[in-house]
Amino acid sequence: MDEENRLLNESIGYLRPIIFTALNTGMRRGEILGLKWSDIDLNTNMIIVNQTNSKSKKERKIPINSVLRNLLIELKLKSDENLYVFTDDVGNPIKSIRSAFGSAIKKAGVSDLKFHDLRHTAATRMVEAGANIVAISKILGHSDIKTTMRYAHPEDSLIDALESLGKFGKNTTNIATNENELNL
């Protein structure tokens, strides 16, 4: 979280909401930069990743969480009827963030970070929050759940999973507590 906060703090104006969107949706860089207002439905809280803007060439829907919704409303109010969600100061769509992102990670003191890593972070956070892996796979647009598993790094959730087993058996099992009873 500390690295994330430093990165966001060092990001220039248009870059910050792009990073924030990646962290809250798991969308790819190209999907975010190609996002049009017509792809966002704030009434149903849904982003439609158009098949022409998707790596898999299949349309998919991504729910908008409450914090991203607030950001999108702010951006919409400032959009001046722009076609694209993420634009420069004069309303042109952002085509590349390579330089701005590189500068931000350098200023933030974050090493070895690629924009695509934000997608991994989003997936890992969804897993650790207890989201269903099939749902995460659909959000990310993966046709194979094995791909999603490579993205998700659920270290904390592994511990939580085993702790849940301990809680399950706690009230239903008489456990030996003496070493002699355990034959150790």
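Relevant structure appears above.
Quantities reported herein were computed from a predicted structural model and do not represent experimental measurements.

(A) Geometry of the overall build of the protein chain. Of the regular secondary structure elements, the protein chain holds ten helices and three strands. N-terminal to C-terminal, the α/β element order of the protein chain is α-α-α-β-β-β-α-α-α-α-α-α-α. Counting all 184 residues of the protein chain, 35% fall into the buried class. Put simply, of all contacts in the protein chain between residues at least 6 apart along the chain, 57% involve residues at least 24 apart. Approximately 11,800 Å² of the protein chain is accessible, and the part contributed by carbon and sulfur atoms is 51%.

(B) Region of the structure containing helix 1 (residues 2-9). The complete set of buried residues in helix 1 reads E4, L7 and L8. Buried residues of helix 1, seen end-on, are gathered within an arc of 95 degrees and therefore sit on one face of the element. Away from its buried face by more than 90 degrees, helix 1 exposes D2 and N9. As for helix 1, its buried residues are in contact with helix 2 (15-25), helix 5 (98-108) and helix 6 (116-128).

(C) Representation of a nonpolar patch on the surface. Residues V134, I145 and M149 make up a contiguous nonpolar surface patch of about 240 Å² in total accessible area. Counting through the fold element by element, V134 comes out in helix 7 (residues 133-140). Assessed through its relative accessible area of 44%, V134 is described here as partly exposed.

Criteria and cut-off values
The written sequence of each chain sets the order in which its residues are numbered from 1. In view of the model being predicted, local features appear only for residues whose pLDDT reaches at least 70, and side-chain atom pairs are presented and counted only at 80 or more, with totals across whole chains, interfaces and linings using the full set of residues. Calculated side-chain values reflect all of the structure's heavy atoms, with hydrogen atoms and water omitted. Only DSSP runs of H or I reaching four residues or more are called helices, and only runs of E reaching two or more are called strands; each is numbered from the N terminus. We call a residue buried when its accessible area falls under 20% of the maximum for its residue type, exposed when it is over 50%, and partly exposed in between, using a 1.4 Å probe and counting protein chains only. The criterion used for residue contact is that any of the two residues' heavy atoms lie within 4.5 Å. Methods summary: accessible areas were calculated by the Shrake-Rupley approach with a probe of 1.4 Å, and residue burial reflects only the protein chains presented. To obtain the arc, one takes the directions from the helix axis to the C-beta atoms. Patches were defined on residues exceeding 30% relative accessible area and lacking a salt bridge, with like-charge contacts within 9 Å and nonpolar side-chain contacts (Val, Leu, Ile, Met, Phe, Trp, Tyr) within 5 Å. Whenever a carboxyl oxygen of Asp or Glu lies within 4 Å of a side-chain nitrogen of Lys or Arg, that contact is scored as a salt bridge.

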